[in-house]
Amino acid sequence: MATISDNLQQVQQRIAQACVRHGRQPGAVQLLAVSKTWDAAAVQQAAQAGQRAFGENYVQEGVDKIATLRQQGWAALQWHCIGPVQSNKTRAVAEHFDWVHSLDRHKIAQRLSEQRPTQLPPLQACIQVNVDGGANKAGVAPADAGALLQALAGLPGLRLRGLMCIPEPAPDESSACVVFGRARALFESLRAQLPPEQHGGWDTLSMGMSADLEAAIACGSTLVRVGSAIFGQRSYATSA
Ligand SMILES: *Cc1c(COP(=O)(O)O)cnc(C)c1O
């Protein structure tokens, strides 16, 4: 049976090959290992294999895992909150995570900024965009992303880094690219709205998962969020 370490190597290889194929610099695409529903032992195996950045969807599950891993001596891991954040969970996110990818409401962003402990660096943040317009989906509509960015730009506890999207699965790479390409175009046009000194910090396009990371990399993703290809198929029974 393939181990987490084998799987990680394979995913790194897929990323590297996609970078070569699409003329991206090696190292231009970061791998976020999505460990939701997997226990601390699985995270530890990935960390032992060299993985440092982990993504969690459920805030309490993530906070518990972060604490366990710290107790085990893994203090230098980077934790990304990639799931929806309710207002009663903002403090936990602000106090324990390094990144949040799912900003889509001003009020939540404001709370995260206020509750970010001042001894920590600002919370690194992406605005989630509903690029394919699913009716029940999280994320701000593309047309409203600019206004949200303007509203969030001055929050001292956040550092705005880019966009995140989770499009519906596409039947093939070229149809995936239509949607990912829209996210890329929006990402570039929003950069132009920022003051020039902030252009360099607007550097993260979080898109691509186990099934479509090649298409996302072809379209300019800088960070792929990969769960099942590393840890195996999830059983959702444990999700909280
Ligand atoms: C679960 C999840 C992933 C990982 O999905 P896989 O298909 O297992 O790679 C990525 N991003 C988000 C927001 C998720 O919820």
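These numbers come from a predicted model, not from an experiment.

## A look at the overall build of the protein
Per the secondary structure count, the protein includes nine helices and eight strands. Over its C-alpha trace the protein gives a radius of gyration of 17 Å, about what one expects of a compact globule, namely 18 Å for 240 residues. Among the 240 residues that make up the protein, the fraction classed as buried is 49%. The contacts in the protein between residues at least 6 apart in sequence include a share of 63% that link residues at least 24 apart. Roughly 11,100 Å² of accessible area belongs to the protein as shown, and the carbon and sulfur atoms make up 51% of that amount. Side-chain charges of the protein comprise 21 positive and 19 negative groups, with the mean position of each set lying 3 Å from the other.

## A word on the packing of aromatic side chains
All chains considered together, the criterion is met by three aromatic pairs. Judged by centre distance (5.5 Å) and plane angle (35°), the rings of Phe54 and Trp79 are tilted. Placement of Phe54 in strand β2 (residues 53-56) and of Trp79 in strand β3 (residues 78-81) is noted, with a sequence separation of 25 residues between them. Pairing Phe187 with Trp202 gives two aromatic rings, centres 5.8 Å apart and planes at 20°, and the pair type is stacked. Of this pair, Phe187 sits in helix α7 (residues 173-193) while Trp202 sits in the loop between α7 and β7 (204-206), and the two are 15 residues apart along the sequence.

## Details of the site of the ligand
Neighbouring the ligand are the residues Val34, Lys36, Asn57, Ile82, Ile166, Met209, Ser210, Arg225, Val226, Gly227, Ser228 and Arg234. Contact distances for the ligand include 2.8 Å between a nitrogen atom and a side-chain N or O atom of Arg225. A distance of 2.8 Å separates an oxygen atom of the ligand from a polar backbone atom of Ser228. Against a free-state accessible area of 390 Å², the protein chains account for coverage of 90% of the ligand. A breakdown of the residues in the shell around the ligand according to their chemical character gives five nonpolar, four polar and three charged.

## Things to note about the packing of helix α2 (residues 40-48) against helix α3 (residues 59-71)
Orientation of α2 relative to α3, taken along the N-to-C sense of each, is 55°, at an axis distance of 10 Å. Taken as axis vectors, α2 and α3 run oblique relative to one another. In this structure, the crossing between α2 and α3 has a hand that is right-handed. Across from Ala40, Val43 and Gln44 in α2, the residues of α3 making contact are Lys65, Thr68 and Leu69.

## So, the state of the cysteines
Summed over all chains, the structure comprises zero disulfides. With no disulfide partner, Cys19 has as its closest neighbouring cysteine sulfur the one in Cys219, 13 Å distant. On the accessibility criterion, Cys19 (3% relative accessible area) is buried. Between Cys81, a free cysteine, and Cys126, which holds the nearest cysteine sulfur, the sulfur-to-sulfur gap is 12 Å. Here Cys81 falls in the buried class, since its relative accessible area comes to 0%.

## Quick notes on the pattern of salt bridges
Per the counting criterion, the structure on display carries nine salt bridges. Close ionic contact of Lys65 with Glu61 constitutes a salt bridge, the shortest N to O distance being 2.7 Å. Here Lys65 pairs with Glu61, and both are found in helix α3, just four residues apart, close to one helical turn. Here the two residues Lys65 and Glu61 agree in accessibility, since each one is buried. Residue Glu168 is joined to Lys137 by a salt bridge in which the shortest nitrogen-to-oxygen separation is 3.5 Å. You can see Glu168 sitting in the loop between β6 (158-164) and α7 and its partner Lys137 sitting in the loop between β5 (123-128) and α6 (145-152), a full 31 residues away along the chain.

## Some details on helix α5 (residues 106-115)
Along α5, the residues classified as buried are Ile108, Ala109, Leu112, Ser113 and Gln115. Where α5 is buried, its residues meet α4 (90-96), β4 (99-103), β5, α6 and β6.

## Side note on the environment of Gln51
Locating Gln51 in the fold gives a position in the loop between α2 and β2. Along the backbone, Gln51 and Ala16 are 35 residues apart, and their C-alpha atoms lie at a distance of 15 Å. Separated by 2.9 Å, the side chain of Gln51 and the backbone oxygen of Leu31 make a polar contact.

Each value, and the rule that gives it
- Residues numbered from 1 in each chain as written.
- Predicted model: local features only at pLDDT ≥ 70, side-chain atom pairs only at ≥ 80, totals over all residues.
- Heavy atoms only, no water.
- Helix = DSSP H or I, 4+ residues; strand = E, 2+ residues; numbered from the N terminus.
- Rg over C-alpha atoms; globule rule 2.2 N^0.38 Å.
- Buried < 20%, exposed > 50% of the residue type's maximum accessible area, 1.4 Å probe, protein only.
- Contact = heavy atoms within 4.5 Å.
- Areas by Shrake-Rupley, 256 points an atom, 1.4 Å probe, with all protein chains shown as cover.
- Lys, Arg positive; Asp, Glu negative; His and termini not counted.
- Charge placed at Lys NZ, Arg CZ, Asp CG, Glu CD.
- Phe/Tyr/Trp six-rings, centres within 6.5 Å; stacked < 30°, edge-to-face > 60°.
- Near = heavy atom within 4 Å.
- Polar contact = N/O pair within 3.5 Å; in protein donor to acceptor, adjacent residues only side chain to side chain.
- Nonpolar A, V, L, I, M, F, W, Y, C, P; charged D, E, K, R; others polar.
- Axes fitted to C-alpha atoms, helices over the stretch in contact; angles between N-to-C directions.
- Parallel < 35°, antiparallel > 145°, perpendicular 65-115°, else oblique.
- Left-handed = near helix turned anticlockwise from the far one by under 90°.
- Disulfide = S-S within 2.5 Å.
- Salt bridge = Lys/Arg side-chain N within 4 Å of Asp/Glu carboxyl O.

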